[in-house]
Amino acid sequence: MSSSSPDPRPGQGETRTTCCYCGTGCGVIVRSEGGRVVGVRGDPDHPSNRGRLCSKGTTLPLTMSPGAMAARARHPEMRAARGEIRRRASWDEALDFVAARFADTIARHGPDSVAFYVSGQLLTEDYYAFNRLAKGTIGTANIDTNSRLCMSSAVSGYVKTLGVDAPPACYDDIEQADCLFIAGSNAAFAHPVLFRRIEAARQARPEMKIVVVDPRRTETACFADLHLAILPGTDVALFHAMLHVMLWDGLVDEAYIAAHTEGFEAIRDIAREWSPKAAAEVCGVRADDIVTAARWFAGSKATLSLYCQGLNQSTSGTAKNATLIGLHLATGQIGRPGAGPLSLTGQPNAMGGREVGGLATTLAAHRDLANEEHRAEMAFLWNSDRIPSKPGLTAVELFEAVAAGRVKCLWIACTNPAQSLPNLPAVRAALEAAELVVLQEAYADTETAPFADVLLPAASWAEKEGTVTNSERRISRVRAAVPPPGEARPDWSIACDFERRLLHRLTPPHSPPLVPHVLFAALARREERVGGSGGESPQHLWNEHRESTRGRDLDITGLSYEMLERDGPQQWPFPTGATAGAVRLYADGRFHTPSGRARFFAENYKPVAEPVDARYPLRLITGRLRDQWHGMSRTGRIATLFGHVPEPRLAMNASDLARRGLADGELVRVESRRGGLYVIAQADESVRSGQAYLPMHWGKRFLGGRSSAGVNTLTVPATDPISRQPELKHAAVRVGPANLSWRLVAFAEADEAAIGAMVAALLAAQDEIAFLSVVPAGRERPGVLVRAANEGAPDAAWMTALDGLLGLAGSDLLRYDDPRRGHARRVLVRDGRLTAGRISGAAEVVADAEWLRDWMLAGEPVADVRRFLLAPQRPPDKRVRSGSDPVVCNCFGMTASRIAEGLARGEKLECGTNCGSCLPEVRAIAERVASNPGKMVA
Ligand code: SF4
């Protein structure tokens, strides 16, 4: 494999790199012209995807379009005091200012008065530079990452059982497994390319059994032979009951347990108490199904577990991971082809961050902060005398410490905590309280950006060099295809530049040995030890990291950038002298524990942190959408990516809506103990009664208004006692009517490049109104969709400003006003099509006119419906397109109803033949068509 480009000019030709979204780690080939990304295709030589990409990967070039790039941070900005507007600054000015403030704070309050909050989106080299800066140069372990919200329970699950944070299995095991046990993962949406492999494996071997454990009937669950729709948070009870069945049926592997494990007796004693009947009551599933799952798991020749946030984001996250791994140990389903536990990483480089020790609780290369020998090894490599011996503050604790004033300077890199952390009201208050917030970001308009005193523009995907590691321990090169915009710089380079400036300023007693001349000697010695070639660069940093792994379980001393260039992605460990990385681990039954034996983790089931009660009777669960990524700072500005799910929706069982007197499509109020928000409710039979489901992505831009900061306004900050991962998957909530008498729906086509500014201007006034949501919309012609609601009509100035932003002006503007009913309508028709509109007034009046929005988004001509544009009644039903007709196939723009119609007519449809991300939904539509042959059933 070679990264060579047919055209050597920068920003021109083809570049091999890696997708920047999920932990599948797909290889992509980027095509660039004139310094712009103009296309991507899957890399056929990359072992993780063999040329496949999902709907997110396929649409990566859209996120680099001129319109999307308009929101990029291009120059450093800073302000002297809160309340001031940031002004443009030079890199020297900004970094010197921050270095002086950090040095002064460290001198006055100690190294733990500063902190870094970084990201699983960073490359390994970036991560390494930040970790060295915090733990080696400053001497604080206060560096945590958004991987804490994502993978830390997987880390502690592995460490508690297998001894180190090393996933034993690999993607090839999917094809070799006889039973797939998928728990807490909607892989069909979250890891779609892996799910394509699961579909293909099932097609090749129909006898393969698939069990899915998930409270919701997800697209992944629909594909399973057995779906265990457990009540949220009850996984540990389920796993104990499965072990109970295995013991009862004689399905445990006594020989493996005796030869390779320790501590089985304690977990056996717990499992004995968990009969399938007892677990069925707690988990809310049938006892027979638990028995079947246990027999398939233990009785199959090879069982592979795939699991993700459903296990991790929990106050029992460590226990869930470790108990599931325990099932593999008890049955000897580990270390063989097709067998083993494989946690799926959410972010593209969560694994790389774990390797460099980029969590507050770990040291580099799977070392332990509390271990003196480990600290000495890193002190030697980093030439540091201040490696901390105690864990730093983990994500939730860190923001609590900022709020309390214990942490005074906070540096945030490549993440958006004002959107993604639980209990957002408290997080936003902490950001307000901080003495200094530095934000290193690619985008200037994230929810966190308004809190930044200093904004440092960072290079992003396709603009920087380095490596990432995916879920199966595979290291891939990431390459720059185009230059970053403006003065944006790679993250590692910002961290290293700051490190140099800080060292010049650190004063005794906090830095006695590291005065500047020693620093340069230190750098020279460091290079001697790691074979560096002088100066910092991604390769130099990676070589340092490589040296830190020598002799460790993840030893990569046999690898080099040159090998990755020449031979393509490689799995770790890959020690000196090896000719290939380890495909799977623990084949010899030896584990990285003092005894060499794997350990069972004997902990009983504990309920969720916030059980439902009479005041908050619904269990709110969260999850992912197919076409959006995390906090949406990248995907949330592309109108096309809203075709599948156009707006935030709270999914609830129809019976729960009816019980509350709520209708499908009605704006409702959701409240938890921490705050509330308004959102449109949607009847959804995939959600069990007593639960509600809201995707994790929607931040303040989409679920905003006076008191809402997005979905994490509702979530719980309680964390797992070992992994410190918060319980983002479950909160107790109540849902009721919105009780807002005034509603508004407005829309406007807009030039893609103008949408960002339009959205920003619309959102600037959101605290003046109870509910405001601004969403990019429209497939053929991009635009924005605005929804608002309030206790009464806002003042005329607000409406005038809105009309101005949407371009609702001019002599051809059609108007209707009914002051008595408070109903107003503005409609703009250009070239025979609706191009903008606004309907406001009472809820029922606005609901009746929603067809106008659908008409515009579909780009339908208005000739046939002109007389209804200002009329109170709708056009006849047959003319109205359904607003809930999602674009199921993004590649060919096919909606659910179009697919259903085509299938009913026996047409050969293109949908599913490109990226394949729509296949689970196309299958579901086909099943409905088959069971209702006479009816259109989209
Ligand atoms: Fe990117 Fe999709 Fe591959 Fe994940 S599955 S790495 S999002 S292309």
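Residues numbered from 1 in each chain as written. Predicted model: local features only at pLDDT ≥ 70, side-chain atom pairs only at ≥ 80, totals over all residues. Heavy atoms only, no water.

1. Quick notes on the side chain of Asp 453
Note that Asp 453 resides in the loop between strand E15 (436–441) and strand E16 (454–457). A polar contact of 2.8 Å, which involves the side chain of Asp 453, links it to the side chain of Arg 82. Filtering out sequence-adjacent residues up to four positions away, Asp 453 remains in contact with Glu 77, Met 78, Arg 79, Arg 82, Arg 86, Glu 435, Leu 436 and Val 437. (Helix = DSSP H or I, 4+ residues; strand = E, 2+ residues; numbered from the N terminus. Polar contact = N/O pair within 3.5 Å; in protein donor to acceptor, adjacent residues only side chain to side chain. Contact = heavy atoms within 4.5 Å.)

2. Description of the domain arrangement of the protein
When cut into domains, the protein gives domain 1 (95–150 + 350–571), domain 2 (152–343), domain 3 (610–739), domain 4 (740–877) and domain 5 (887–936). Placing a centre on the C-alpha atoms of domain 1 and another on those of domain 2 gives a separation of 34 Å. Across the domain 1-domain 2 interface, the total number found is one salt bridge. At the boundary of domain 1 with domain 2, the tally comes to ten residue pairs in polar contact (both at pLDDT 80 or more). Of the residues belonging to the side of domain 1 that touches domain 2, the class tally is three nonpolar, five polar and five charged. (Domains from an automatic or database assignment. Salt bridge = Lys/Arg side-chain N within 4 Å of Asp/Glu carboxyl O. Nonpolar A, V, L, I, M, F, W, Y, C, P; charged D, E, K, R; others polar.)

3. Some words on the packing of helix H10 (residues 235–248) against helix H13 (residues 276–283)
Viewed as axis vectors pointing N to C, H10 and H13 meet at an angle of 165 degrees, and their least axial separation amounts to 9 Å. As far as their axial angle goes, H13 and H10 are roughly antiparallel. Remark: the crossing between H10 and H13 carries left-handed chirality. Note on element contacts: H13 touches H10 through Pro 276, Ala 279, Val 282 and Cys 283, opposite Ala 237, Leu 238, Ala 241, His 244 and Val 245. Partitioning the contact of H10 with H13 into residue classes produces eight nonpolar, one polar and no charged. (Axes fitted to C-alpha atoms, helices over the stretch in contact; angles between N-to-C directions. Parallel < 35°, antiparallel > 145°, perpendicular 65-115°, else oblique. Left-handed = near helix turned anticlockwise from the far one by under 90°.)

4. Focus on the sheet that holds strand E29 (residues 783–790)
Strand order across the open sheet formed by six strands is E28-E29-E27-E32-E31-E30, with antiparallel pairing between neighbours. Every interior strand has two partners, whereas the edge strands, strand E28 (771–777) and strand E30 (813–818), have only one. Averaged over all adjacent pairs, the angle separating strand axes in this sheet is 10 degrees, with direction ignored. Packed onto the sheet, helix H27 (residues 752–763) meets strand E27 (742–749), E28 and E29 and runs at close to 10 degrees relative to E29. Across the sheet, helix H30 (residues 850–858) is in contact with E27, E28, E29, strand E31 (823–830) and strand E32 (833–842); its angle to E27 comes to roughly 15 degrees. (Pairing = 2+ DSSP bridges.)

5. Some thoughts on the pairing of strand E2 (residues 27–33)
Here is the key point about a regular strand: its side chains alternate between the two faces of the sheet. Counting buried positions over the seven residues of E2 gives five, a clear majority of the element. Of the strand pairs in this sheet, strand E1 (residues 13–18) and E2 are connected by six bridges, and their pairing is antiparallel. The partner of Gly 13 across the bridge, within E2, is Ser 32. Where E2 lies against strand E3 (residues 36–42), six bridges are found, and the strand directions are antiparallel. Following the sheet pairing, Ile 29 is matched in E3 by Arg 41. The turn linking E2 back onto E3 is made up of two residues, and Gly 34 within it adopts a positive phi angle of 55 degrees. (Buried < 20%, exposed > 50% of the residue type's maximum accessible area, 1.4 Å probe, protein only.)

6. Description of the pattern of salt bridges
Considering all chains together, one arrives at 70 salt bridges under this definition. Salt-bridge contacts for Arg 295 lead to Asp 249; the nearest nitrogen and oxygen are separated by 2.5 Å. Of this pair, Arg 295 sits in helix H14 (residues 287–299) while Asp 249 is found in the loop between H10 and helix H11 (254–260), placing the two residues 46 residues apart along the sequence. The class of Asp 249 is partly exposed, set by a relative accessible area of 29%. Between Glu 749 and Arg 833 there is a salt bridge; the shortest N-O distance is 2.7 Å. Of this pair, Glu 749 sits in strand E27 while Arg 833 sits in strand E32, placing them 84 residues apart in sequence. The exposure class assigned to Arg 833 is buried, which follows from its relative accessible area of 17%. Put simply, Asp 92, Asp 96, Arg 489, Asp 497, Arg 501 and Arg 505 are held in one network by salt bridges that share partners.

7. Some points on the packing of aromatic side chains
Describing an aromatic ring pair means giving the distance of the ring centres and the angle of the ring planes. Evaluation of the coordinates by the stated rule reveals 23 aromatic pairs. Aromatic side chains Phe 116 and Phe 130 sit 6.0 Å apart centroid to centroid with 55 degrees between the ring planes, which places their arrangement in the tilted category. In this pair, Phe 116 sits in strand E6 (residues 114–118) while Phe 130 sits in helix H4 (residues 124–138), placing the two residues 14 residues apart along the sequence. For the residue pair Phe 116 and Phe 130, the accessibility class agrees, reading buried in each case. Their ring planes at 40 degrees and their centres at 5.9 Å tell us that Phe 116 and Trp 411 sit as a pair that is tilted. Placement of the pair is Phe 116 in strand E6 and Trp 411 in strand E14 (residues 409–413), with a sequence separation of 295 residues. The exposure class assigned to Phe 116 is buried, which follows from its relative accessible area of 0%. Using a relative accessible area of 0% as the deciding quantity, one classes Trp 411 as buried. (Phe/Tyr/Trp six-rings, centres within 6.5 Å; stacked < 30°, edge-to-face > 60°.)

8. Quick word on H4
Given a rise of 1.5 Å per residue, 15 residues ought to cover 21 Å, and the 20 Å separating the end C-alpha atoms of H4 matches this to within 8%. In the structure, H4 departs most strongly from a straight axis at Arg 132, where the bend amounts to approximately 30 degrees. Most of H4 sits out of view: 15 of its 15 residues are buried. Just beyond H4, the residue with positive phi is Gly 139, at close to 90 degrees. (Expected span 1.5 Å × (residues − 1). Bend = angle between axes of the 7 residues up to and from the residue.)

9. Observations regarding the sheet that holds E3
Taken together, three strands build an open sheet; the order of strands is E1-E2-E3 and the sheet is antiparallel. A single partner strand is all that each edge strand has here, and the edge strands are E1 and E3. Neighbour-to-neighbour, the strand axes of the sheet open up by a mean angle of 30 degrees, direction not taken into account.

10. Side note on the pairing of strand E23 (residues 667–671)
Counting buried positions along E23 gives four out of five residues, so the element sits mostly inside the fold. Note: E23 against strand E24 (residues 676–683), five bridges, orientation antiparallel. The residue bridging Val 668 from the neighbouring strand is Val 679, located in E24. Remark: four residues form the turn of the hairpin made by E23 and E24, two consecutive strands paired antiparallel.

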